[in-house]
Amino acid sequence: MPKLPLHIGHDLETGDPFLLDGAKFNRHTFWCGQSGSGKTYALGVILEQLLLDTGLPLLVLDPNSDYVHLGTPREDAAPDAAQRLTACDVRVFGAREKDGAALRVRLTELDLPARAAVLRLDPVEDAEEYQVLRELDAAYGGQDGAEMMRSLISSAEPARQRLARRIQNLAVDDWDVWARGGTGVEATVMQRPDAMVLDLGGFRFAEEPAAAALAVLDRLWQSRAERSPVLIVIDEAHNICPAEPTTPLQRAIVDRLIQIAAEGRKYGLWLLLSTQRPSKIHPQVLSQCDNLALMRTNSPADLDHIGRFFGATPRHLLDTAPTAAQGQVLFSGGFVAEPRRAQMGVRLTPEGGSDVAVPPTRGA
């Protein structure tokens, strides 16, 4: 496979341009750095270069609106790069439709286990309600959920009434994330634009972002036989792929990510997980990552954890992480010939999120 060199900064030892092999993002990547290390900024540099110098589509699950301007060059960006970025097909979807299209998914197109996870239904403990859901799946699968809900409310059958009350009590029918008969983002992800950014912040209910993530991941997995490549970038990945999932929705997402991590590579489904704490990522997903990008990390326990999963990375290089300056990254794995440290270059696009400043005066 030919190399796809990405110029992302300079080598800390030699000062030479630092090149990553973009072709080696066809394996799973783990990106780690504590708060203040420059993790979000540095990851943005990588995503920009992947857009410019590869044909690899990106799907970014973005909980903090950090990458919503991925297709918008900064005013001081080099003209050639700015023109090429502007030509990229970057689509942004958010809860409030503020900076892009509305982030909506279709409840009726979720598969039965995913729909059960949304409704917190267990196939054994809630056997009767689960059976009703199965019957509804056969009758209304792929259709507008409003008709399905009307049939539940109007039914005199106790199990159907219980399921209707469950939906109402959980306020699932009030979630803004549902497409309600319209087109969901699942259809767009199948088109493989150059980049899709799903801005997961801003929803009224805490489980709406998880439902959106599950819908998209499920669609990618269901269509895996098409072998259409995509890099699935999950920022703050400990929220979507926690080591110890506590809700049915979390468990459903983690189960899907475990499948993608274990088998997705041969289908072109590749992960890039970014987080501050490696121990908070599910070990069955982390263990499948080949590429490592490590920024400043002070915790000895976290470094020990990384060392167990990335044994090919020399310990003396891992031990440089606590003293790494902002924007410095240790790269190890297939996308570099040998483990090396780099200073990241400048961003071409603005960061979407930023720190909140301390007010200089009362009332400011």
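Computed from a predicted model, the values in this text were never measured in an experiment.

Peer 1: Explain the environment of Val185 to me, please; I cannot follow it from the model alone.
Peer 2: Locating Val185 in the fold gives a position in helix 7 (residues 185–189). A relative accessible area of 2% places Val185 in the buried class. In contact with Val185, other than residues within four places in its own chain, are Phe93, Ala102, Leu103, Arg104, Val105, Met196 and Val216.

Peer 1: Would you take a moment to explain the nonpolar core for this structure?
Peer 2: In this structure, Phe30, Leu59, Trp178 and Leu257 are the most contacted members of the largest nonpolar core, which totals 79 residues. Considering every element that reaches this core, the biggest residue donor is helix 8 (residues 208–222), with 10 residues. Apart from residues no more than four positions distant in its own chain, Trp178 is found in contact with Arg104, Val105, Leu107, Leu110, Val118, Val172 and Ala211. If you look at the next biggest cluster of nonpolar residues, it comprises 41 residues, including Leu20, Val45, Leu47 and Ala77.

Peer 1: Just to check I follow, could you spell out the packing of helix 1 (residues 39–53) against helix 2 (residues 79–86) for this structure?
Peer 2: Packed helix pairs are specified by the crossing angle of their axes together with the interaxial distance, meaning the distance between the axes. Look at helix 1 against helix 2: their axes get within 10 Å of each other, and the N-to-C directions meet at 80 degrees. In terms of axis orientation, helix 1 runs roughly perpendicular to helix 2. Residue-level inspection shows Leu51, Leu52 and Asp53 of helix 1 in contact with helix 2, the latter providing Ala81, Arg84 and Leu85.

Peer 1: I tried to follow the sheet that holds strand 11 (residues 328–332) on my own but got confused; where do I start?
Peer 2: Where strands meet in a sheet, backbone hydrogen bonds hold them as pairs that are either parallel or antiparallel. Read from one edge of the open sheet, 12 strands run 2-1-12-11-10-3-9-8-4-7-5-6, paired in mixed fashion. Looking at the sheet topology across the chains shown, the edges are occupied by strand 2 (17–21) and strand 6 (101–102).

Peer 1: Help me understand the pairing of strand 3 (residues 29–32), please; the structure alone is not making it clear to me.
Peer 2: Remark: a regular strand shows side chains that alternate across the two faces of the sheet. Burial of strand 3 is two-sided: the residues Thr29 and Trp31 facing one way and the residues Phe30 and Cys32 facing the other way are all buried. Examined bridge by bridge, strand 3 and strand 9 (residues 269–275) share 4 bridges and lie parallel to one another. Within the sheet, the bridge partner assigned to Phe30 lies in strand 9 and is Leu273. In terms of strand pairing, strand 3 meets strand 10 (residues 291–294) through 4 bridges, oriented parallel. Bridge pairing links Trp31 to Ala293 in strand 10.

Peer 1: Honestly, the environment of Met344 in this entry has me stumped. Any pointers?
Peer 2: Its place among the elements puts Met344 in strand 12 (residues 340–344). Residue classification places Met344 among the buried positions, given a relative accessible area of 9%. Sequence separation between Met344 and Cys289 is 55 residues, and the spatial gap between their C-alpha atoms is 22 Å. Apart from the residues lying within four places of it in its own chain, the contact partners of Met344 are Ile8, Gly9, Ala42, Val45, Ile46, Gly327, Val329 and Phe331.

Peer 1: What is the right way to read the pattern of salt bridges from this model?
Peer 2: Two side chains with opposite charge may pair up if their charged atoms get near one another. Under the criterion given, the structure shown has 24 salt bridges. Three or more residues joined by partner-sharing salt bridges are found here, namely Asp53, Asp80 and Arg84.

Peer 1: Hey, could you run me through the side chain of Arg27 in this one?
Peer 2: Mapped onto the fold, Arg27 is located in the loop between strand 2 and strand 3. In this structure Arg27 touches Arg265, Trp270, Leu271, Asp290, Asn291 and Gly334, once residues within four positions along its chain are discounted.

Peer 1: Looking at this model, I keep getting lost on the pairing of strand 9. Mind explaining?
Peer 2: The buried fraction of strand 9 is high, at 7 of 7 residues. Burial along strand 9 is two-sided: the face carrying Leu269, Leu271, Leu273 and Thr275 and the face carrying Trp270, Leu272 and Ser274 are both buried. Both strand 8 (residues 230–234) and strand 9 contribute to a ladder of 5 bridges, which runs parallel. By the bridge assignment for strand 9, Val230 is matched with Leu269.

Peer 1: Would you mind showing me how to read unusual backbone geometry here?
Peer 2: Keep in mind that most residues, glycine aside, have a negative phi and that most peptide bonds are trans. Positive phi outside glycine occurs at Ser65, with the angle close to 60 degrees. Given the relative accessible area of 22%, Ser65 is considered partly exposed. For Arg120, which is not a glycine, the phi torsion comes out positive at approximately 55 degrees. You can see Arg120 is positioned in the loop between helix 3 (112–118) and helix 4 (127–140).

Conventions used here
Residues numbered from 1 in each chain as written. Predicted model: local features only at pLDDT ≥ 70, side-chain atom pairs only at ≥ 80, totals over all residues. Heavy atoms only, no water. Helix = DSSP H or I, 4+ residues; strand = E, 2+ residues; numbered from the N terminus. Buried < 20%, exposed > 50% of the residue type's maximum accessible area, 1.4 Å probe, protein only. Contact = heavy atoms within 4.5 Å. Core = buried A, V, L, I, M, F, W, Y, C linked by side-chain atoms within 4.5 Å. Axes fitted to C-alpha atoms, helices over the stretch in contact; angles between N-to-C directions. Parallel < 35°, antiparallel > 145°, perpendicular 65-115°, else oblique. Pairing = 2+ DSSP bridges. Salt bridge = Lys/Arg side-chain N within 4 Å of Asp/Glu carboxyl O.

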